[in-house]
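# Results of the structural survey
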Amino acid sequence: MKARDALREAEQRLAAAGVETPRVDAEWIVAHILGTTRSGVYARLDDDVELDGLVDRRAAREPLAYVLGEWGFRRLILKTDRRALVPRPETEILVERALALVHDVEQPRVLDIGVGSGAIALALKDERPDADVVGVDVSEDALSLARENAARLELEVELRRGDESAAAEGWDLVVSNPPYVDSLIGLQPELSFEPHVALLGEGFHERIGATAQARAIVLEVGDGQADDVGRALRAHSWNDVAITPDLAGVDRVVEGRR
Ligand SMILES: C[S@@+](CC[C@H](N)C(=O)[O-])C[C@H]1O[C@@H](n2cnc3c(N)ncnc32)[C@H](O)[C@@H]1O
């Protein structure tokens, strides 16, 4: 079918399936098939395209990043699949704060707890090539995807199995976007495709704040969690505790220094 018809059909099916942004997602899928950008699709509306089940997957509410198999994060294009969480735009703000916290430290030693696809660890290495970055995760699946991303991007980071206890090893910066959702009930169906170990968790921020031996710490938090996490950091002798909102205005990133 022609790209113009594929766009229309995809948009209609995605809208019927309740996808929030059916036109944009249809453009992404057709662009991916054509090997062009979303705006590039409009120069190729008469090209033939085969939707190949991609619209079916998205209509079943599989995250767009899994359907496409890759996703942008900061300056990187990461491979994305069901082995690890889809990197979120709000996590780019965590990276921004992490970079600010070590801007005056030469060759900073940085630990990323719950490395997932590698998004944070690889973006930090990309933007601070002199940093020594270690990423740990309890999920072998996530680690295997992070290793693939590191190899594809030719970024040298150490990736190993580990948990929040690694924070005690002594670092310039400990960074984490830990699992912080208490239940998936009532949340978007897309979340059910992501690993539960990446989403569901309680008390990670407090445990990391209590354990970390570091000059600075920066944590991503869920909606409504920032004040409690800030208080917990102060209680564990972190100074200059600050909260940064994401682009939607939700308090999203909590940091502290020692
Ligand atoms: C919210 S995801 C974050 C993934 C990635 N850092 C990102 O921001 O896209 C949380 C990650 O923590 C990992 N995880 C869960 N429990 C953990 C633990 N106790 N120690 C280390 N990692 C853990 C999960 O496997 C998952 O990869």
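See the structure shown above.
Presented here is an overview of the structure given in this document. (Residues numbered from 1 in each chain as written. Predicted model: local features only at pLDDT ≥ 70, side-chain atom pairs only at ≥ 80, totals over all residues. Heavy atoms only, no water.)

### Focus: the pattern of salt bridges
- According to the stated counting rule, one finds 29 salt bridges in the structure shown.
- A salt bridge links Asp 56 to Arg 13, with the shortest nitrogen-to-oxygen separation between them at 2.1 Å. Here the residue Asp 56 occupies a position in helix H3 (residues 54-59), and Arg 13 occupies one in helix H1 (residues 3-16), the gap between them amounting to 43 residues.
- Residue Arg 13 is classed as partly exposed on the basis of its relative accessible area, which comes to 29%.
- Its salt-bridge partner being Glu 27, residue Arg 38 comes within 3.0 Å of it at the nearest N-O pair. Note that Arg 38 is positioned in the loop between helix H2 (22-34) and H3 and Glu 27 in helix H2, a separation of 11 residues in sequence.
- Here Arg 38 falls in the partly exposed class, since its relative accessible area comes to 34%.
- Via salt bridges that share partners, Glu 11, Arg 23, Glu 27 and Arg 38 belong to a single interconnected network. (Salt bridge = Lys/Arg side-chain N within 4 Å of Asp/Glu carboxyl O. Helix = DSSP H or I, 4+ residues; strand = E, 2+ residues; numbered from the N terminus. Buried < 20%, exposed > 50% of the residue type's maximum accessible area, 1.4 Å probe, protein only.)

### Let's talk about the nonpolar core
- Val 95, Leu 122, Leu 124, Leu 159, Leu 173, Val 175 and Val 218 are the most contacted members of the largest nonpolar core, which totals 32 residues.
- Secondary-structure elements contributing two or more residues to this core are strand E2 (76-79), helix H5 (89-101), helix H6 (119-127), helix H7 (140-153), strand E6 (171-176) and strand E7 (214-220).
- Not counting residues up to four positions away in its chain, the partners in contact with Val 95 are Phe 73, Arg 74, Ile 120, Ala 123, Leu 124 and Glu 127. (Core = buried A, V, L, I, M, F, W, Y, C linked by side-chain atoms within 4.5 Å. Contact = heavy atoms within 4.5 Å.)

### Comments concerning the packing of aromatic side chains
- Within the structure shown, the criterion is met by 1 aromatic pair.
- Ring geometry for Trp 28 against Trp 71: centres 5.7 Å apart, planes inclined by 40°, an arrangement best described as tilted. Placement of the pair is Trp 28 in helix H2 and Trp 71 in strand E1 (residues 70-73), with a sequence separation of 43 residues.
- Looking at Trp 28, the relative accessible area reads 36%, which means it is partly exposed.
- Over the face of the ring belonging to Trp 171 we find Arg 109, whose NZ or CZ atom lies 4.5 Å from the ring centre.
- Above the face of the Phe 204 ring, Arg 207 is positioned so that its terminal group lies 4.6 Å from the ring centre. (Phe/Tyr/Trp six-rings, centres within 6.5 Å; stacked < 30°, edge-to-face > 60°. Lys NZ or Arg CZ within 6 Å of the ring centre and 35° of its normal.)

### Some points on the site of the ligand
- If you check the shell around the ligand, you find 20 residues, and the closest are Gly 114, Asp 137, Glu 164, Asn 177 and Ala 198.
- Between the ligand and the protein, one listed contact pairs a nitrogen atom with a backbone N or O atom of Val 115 at 3.5 Å.
- In this structure, a nitrogen atom belonging to the ligand sits 2.8 Å away from a side-chain N or O atom of Glu 164.
- In the complex, the protein chains occlude 94% of the 590 Å² of accessible area that the ligand would expose alone.
- Split by residue class, the shell around the ligand holds 11 nonpolar, 6 polar and 3 charged. (Near = heavy atom within 4 Å. Polar contact = N/O pair within 3.5 Å; in protein donor to acceptor, adjacent residues only side chain to side chain. Areas by Shrake-Rupley, 256 points an atom, 1.4 Å probe, with all protein chains shown as cover. Nonpolar A, V, L, I, M, F, W, Y, C, P; charged D, E, K, R; others polar.)

### Brief notes about the sheet that holds strand E8 (residues 239-245)
- Spatial ordering of the open sheet is given by E5-E4-E3-E6-E7-E9-E8, a layout of 7 strands whose pairing is mixed. Either end of the sheet is taken by a strand with one partner, and the two such strands are strand E5 (158-161) and E8. Across the sheet, the mean angle from the axis of one strand to that of its neighbour is 15°, orientation sign disregarded.
- Contacting strand E4 (132-137) and E5, H7 crosses the sheet at an angle of about 170° to E5.
- Each of strand E3 (109-113), E6 and E7 is contacted by helix H9 (residues 204-211), which is oriented at about 175° to E7, the strand it contacts most. (Pairing = 2+ DSSP bridges. Axes fitted to C-alpha atoms, helices over the stretch in contact; angles between N-to-C directions.)

### Quick word on H9
- Taken together, the buried positions of H9 are occupied by Phe 204, His 205, Ile 208 and Gly 209. In an axial view of H9, the angular spread of the buried residues amounts to 130°, which keeps them on one side of the axis. (Arc of directions from axis to C-beta.)

### Remarks on the packing of H5 against H6
- Their axes nearest at 10 Å, the elements H5 and H6 cross at an angle of 45°. With respect to each other, H5 and H6 are oriented oblique. For the pair H5 and H6, the crossing hand works out as right-handed. Only Ile 120, Ala 123, Leu 124 and Glu 127 of H6 make contact with H5, whose side of the interface consists of Thr 91, Leu 94, Val 95, Ala 98 and Leu 99.
- Of the residues contributing to the contact of H5 with H6, the split by class is 7 nonpolar, 1 polar and 1 charged. (Parallel < 35°, antiparallel > 145°, perpendicular 65-115°, else oblique. Left-handed = near helix turned anticlockwise from the far one by under 90°.)

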